[in-house]
Each structure stands twice: as C-alpha cells, then as structure tokens.
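Examining the three-dimensional arrangement
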Amino acid sequence: MGTGTLHIDLDALVCNWRALDAMSAAETGAVVKADGYGLGASRVAKALAAAGARRFFVAVAEEGAILRAALGPGPEINVFSGHMEGDTALLHAHALTPMLNSAAQAARHTALLPGHPYGVQLDTGMNRLGMEPADWAAGRAALEAGPLSLVMSHLACADDPDHPQNAAQLAQFTAMTAGVTVPRSLAATGGILLGGSYHFDLTRPGIGMYGGDPFAAARPVVRLSLPVVQVRALSVGETVGYAAAFTATRPTRIATVSAGYADGLLRALSNGAQMWAGDTPCPLAGRVSMDLLTVDVTDLPDPPTALDILGPRQTVDQLATAAGTIGYEILTSLGPRYARQVAGA
Ligand SMILES: *Cc1c(COP(=O)(O)O)cnc(C)c1O
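Not measured: the values here are computed from a predicted model. (Residues numbered from 1 in each chain as written. Predicted model: local features only at pLDDT ≥ 70, side-chain atom pairs only at ≥ 80, totals over all residues. Heavy atoms only, no water.)

**Re the packing of aromatic side chains**
Test applied: When the centres of two rings from Phe, Tyr and Trp lie within 6.5 Å, Trp using its six-membered ring, the rings pair. Their planes under 30 degrees apart give stacked, over 60 give edge-to-face, and anything left gives tilted. Helix and strand assignments come from DSSP, with helices taken as H or I runs of at least 4 residues and strands as E runs of at least 2, each series counted from the N terminus. The rule is simple: take the accessible area with a 1.4 Å probe, protein chains only, and divide by the maximum for that residue type; under 20% is buried, over 50% is exposed, in between is partly exposed.
For the structure on display, the rule yields four aromatic pairs. Judged by centre distance (5.3 Å) and plane angle (15 degrees), the ring pair of phenylalanine 57 and phenylalanine 80 falls under stacked. You can see phenylalanine 57 sitting in strand S4 (residues 55–58) and its partner phenylalanine 80 sitting in the loop between strand S5 (76–79) and helix H5 (88–93), a full 23 residues away along the chain. A relative accessible area of 11% places phenylalanine 80 in the buried class. Here phenylalanine 173 and phenylalanine 200 contribute two aromatic rings whose centre-to-centre distance is 5.0 Å and whose plane-to-plane angle is 90 degrees, an arrangement assigned as edge-to-face. Of this pair, phenylalanine 173 sits in helix H8 (residues 164–176) while phenylalanine 200 sits in the loop between helix H9 (189–194) and strand S10 (202–203), and the two are 27 residues apart along the sequence. For the pair phenylalanine 173 and phenylalanine 200, a shared accessibility class is recorded, and that class is buried. Among the aromatic residues, those joined into a ring-pair cluster are Tyr37, Tyr210 and Tyr328.

**A closer look at the pairing of strand S8 (residues 148–152)**
In plain terms, the rule: Note on pairing: two strands pair once DSSP finds at least 2 bridges between them. Convention used here: a crossover is right-handed provided that the path from the first strand, over the helix, to the second strand proceeds clockwise when the strands point away from the viewer.
Taking burial as the measure, the five residues of S8 include five buried ones, the bulk of the element. The pairing of strand S7 (residues 118–121) with S8 spans four bridges and is classified as parallel. By the bridge assignment for S8, glutamine 121 is matched with methionine 152. In this fold, S7 hands off to helix H7 (residues 133–145), which returns the chain to S8; that crossover is right-handed.

**Structural notes on the site of the ligand**
Put simply, the rule is: For this description, a residue counts as near a given molecule or strand if any of its non-hydrogen atoms is within 4 Å of it. Any N or O atom pair separated by 3.5 Å or less is treated as a polar contact, with the protein-specific requirement of one donor-capable and one acceptor-capable atom, and with residues adjacent in sequence counted only for side-chain atom pairs. Using a 1.4 Å probe, accessible areas were evaluated by the Shrake-Rupley method; residue-level cover was limited to the displayed protein chains.
Contacts to the ligand come from 15 residues, most closely from Lys33, Tyr37, Thr189, Ile207 and Tyr328. Within the side chain of threonine 189, an N or O atom sits 2.6 Å from an oxygen atom of the ligand. At 2.6 Å, a side-chain N or O of tyrosine 328 approaches an oxygen atom of the ligand. In isolation the ligand offers 390 Å² of accessible surface; the protein chains occlude 92% of this area.

**As for unusual backbone geometry**
The omega torsion across aspartate 213 and proline 214 is 10 degrees, close enough to zero to call that bond cis. In this structure, proline 214 sits in the loop between S10 and strand S11 (222–234). Unlike most non-glycine residues, tyrosine 37 shows phi in positive territory, near 50 degrees. With respect to the helices and strands, tyrosine 37 occurs in helix H2 (residues 33–37). If you check the backbone angles, alanine 243 has positive phi at about 65 degrees while not being a glycine. With respect to the element layout, alanine 243 can be found in the loop between strand S12 (239–240) and strand S13 (246–247). Taking the relative accessible area as the measure of exposure, alanine 243 reaches 57% and is therefore exposed.

**Examining the packing of helix H1 (residues 10–22) against helix H3 (residues 41–51)**
Working note: a packed helix pair is described by the angle between its axes plus the distance between those axes. Operational definition: To get an axis, a line is fitted to the C-alpha atoms, and for a helix only the part in contact is used. The angle between two axes follows their N-to-C directions and goes from 0 to 180 degrees. Note that the term roughly parallel is reserved for angles under 35 degrees, roughly antiparallel for angles over 145, roughly perpendicular for angles of 65 to 115, and oblique for everything else. Whether a crossing is left-handed or right-handed is set by the direction in which the near helix is turned from the far one by less than a right angle, anticlockwise for left-handed and clockwise for right-handed. Throughout, a residue-residue contact means that at least one pair of heavy atoms, one from each residue, lies within 4.5 Å. Classification convention: Asp, Glu, Lys, Arg as charged; Ala, Val, Leu, Ile, Met, Phe, Trp, Tyr, Cys, Pro as nonpolar; all other residues, Gly among them, as polar.
At a minimum axis distance of 10 Å, the contact between H1 and H3 shows a crossing angle of 55 degrees. When the interaxial angle is binned, H1 and H3 end up oblique. Handedness of the crossing formed by H1 with H3: right-handed. Along its contact with H1, which presents Leu10, Leu13, Val14, Trp17 and Arg18, the element H3 presents Arg43, Val44, Ala47, Leu48 and Ala51. The residue inventory of the contact of H1 with H3, partitioned by class, reads eight nonpolar, no polar and two charged.

**Here we look at the pattern of salt bridges**
The criterion, for reference: Salt bridge, as applied in this entry: a Lys or Arg side-chain nitrogen positioned within 4 Å of an Asp or Glu carboxyl oxygen.
Using the criterion set out here, one finds nine salt bridges in the structure. One salt bridge connects glutamate 144 with arginine 140, and the closest N-O pair in it is separated by 2.7 Å. Within this pair, glutamate 144 and its partner arginine 140 are both found in helix H7, separated by four residues, close to a single helical turn. If you follow the salt bridges from partner to partner, you end up with Glu27, Arg55 and Glu76 in one network.

**Some words on the domain arrangement of the protein chain**
Defined as follows: The split into domains, and so the bounds of each, comes from an automatic or database assignment of domains. Buried area: the sum, over both parts, of the accessible surface (1.4 Å probe) that disappears when the two are put together.
Assigned domains within the protein chain: domain 1 (10–210) and domain 2 (222–343). Between domain 1 and domain 2, the C-alpha centre-to-centre distance is 37 Å. On the domain 2 side, the residues contacting the nine residues of domain 1 number eight residues. Here domain 1 meets domain 2 over a buried area of about 780 Å², counting both sides, of which 69% is carbon and sulfur. Across the contact surface, domain 1 and domain 2 share zero salt bridges. At the junction of domain 1 with domain 2, the criterion picks out one residue pair in polar contact (both at pLDDT 80 or more).

Next up, the structure:
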C-alpha cells in the first residue's frame, strides 16, 4: 500500500473525555470543529455521545449539518460563528443552536428564526468573537426572554496558568453574567485545568480529548505509520533530496517514505524531526517533499518496511515542536490520503 495509515483510538479519546469530565462538577461538552480536529467529527461525536456527551460545538453551520446527520435528533449542536447571513435554512433544517456574537446577529436571528433556540457568546477580552459588554447590556433583557440555552465566553491564555488575563477574563465573565439563569460556560481544555472557579455549568474541551497539550495526562489518540518505498546506500559526501540539504558524513542508509507536506507533514520539519522504528529514532534527512520523506535508517539492523511519525514515542505536541507549531495544527493538517484505521468505541 502506498499511503500511510492513520490509526485512531476512539477508546483513548473517550477515556480522555471522561478524565476531563471527572475534573469538574460541570457538564462536559465536546468540541468537534474542523472535522473533529482532523479525526472525523462524525465518528468522534458518536463515540462521545455513547459515553454520555449531550452538547457538541462546531465552528460553522455547515459542520453542524454533517454532525446532525451522524448524531440524529437529541444532542445539542452549538455553532460558534453564530447566525451568519445564509445560515438560516441550515440552522432550521438541522436544529442547530447558533451562538449569537453581535447585536446584528441577534437581530437577524430573531427576525428570521423566531422561537428557534440560541446561545450568546460574550467577548470578555479575547477580541475575537462575542458580544461586547455594551451590546450585551443593551440586548440582554430581550435575549433572556427568548429561548436562550447557553451563555459562553472563551479564554485567550488558558494554556498559561500564570497569565494575568485568565483572572481578568474570569472577573469580566462573572460580572457580565451575574443573574443569568441559563447554563454558563467559560472553560475549554486549558480552562478546565485552571480549576473550579473557571468551570461554571458546562465545559467545552477540544484538544485534550484528542490527546494534546495542555492536558498532559491525555492518552495518545493517534498513531501515524508510513510505508517505506525504497532504501538505498549512500557514500560519504552524497546528498539527499531537494537543494541537496542533507550530506552523508558516514556510510548512510536512506529510507524514502510515502508521505509529505501535502499530507500535513509540514515542510518546517525538514532536517529537524524524527521517525520511529519501534523504540529506535531515525532522523529525517533533507527536505520534506510534497509526497515523500527521506529518513536516515543507518542505525537500524534491518531495512524497515514502515516507520511511525506519530505514536507513543512521538506525540502530536512533540512533532509540533519540531515544526515550530502547536499540536492543534498538526492534527488538523493530517491529510485525506491516509487510510483511517479506527479502533474502539
Ligand atoms: C476551539 C474552541 C474550544 C476548544 O478549545 P480546546 O483548546 O481545543 O480545548 C472551546 N471553545 C471555543 C470558543 C473554541 O473556539
């Protein structure tokens, strides 16, 4: 087989969700935007629904429509981008709950879908999505009089427990939502780890379920195994790949592996990351190509037939560090060419 295999462990995912759930007294939702952080929103959400999750979050209504088809009626599907122009039919047909982000969205929603449930997203300092304090103050009474299901906000710095913006946003959220009688939600994965004062009624973890930082206790959910196309011997002084960016300084064996930057293995990994043959690390040699990686396998006793780039020896965050990015970007970049092999749940 010419493509890599992305192994997805749904039992580990459910285990991570339960572990995050056990860290708070609040209800625990699940964020499955960007196709479940690249792992398949429908399969992820079905596994979590079977484990008891009742509220799911997506970025846009189009994702919500796909999720509704997978989950059927019942679970609440919340849309972070709210009620945008052109969303009305999707929100209605698939019973999606928009998180209204502005007075304009609130006006659109009440005009076009009266009686249809909604939430409100508040801006408490991130300045990305959500109603400003003045919009909320002016519109609050009318919004609370309708079918309001959730009031939420998002922390900008929750992955850094010492950042002063955490407490500032908590204070702002607490002040803005004083007297609100519907469920309130502030914490994603990082906020869950900040402790009880951040939990309110509902938490919204994403990355921690998928095995990523800042949830250090997470079980790895993915293993990515890539087949070796061929192995060759190089003499001292020979070079490898585009721009001849690697030069053999010893008699060297190079394995050419089937996957490249078109599959989400970022070009920034060139000459900087490792693959694994069981417990033995094998460094990338030269540049990442579109469809191929070249790997120094000189230290292996036998030529390998496949090498792992994600797995127990190299987490998404470790690979992300090698590429100068974050685990979120590694996961959501994993390309469509891999064969998805799903285990568990
Ligand atoms: C992506 C997102 C989450 C989930 O964040 P994680 O850091 O992945 O846990 C929660 N809430 C909002 C508004 C988001 O955009």
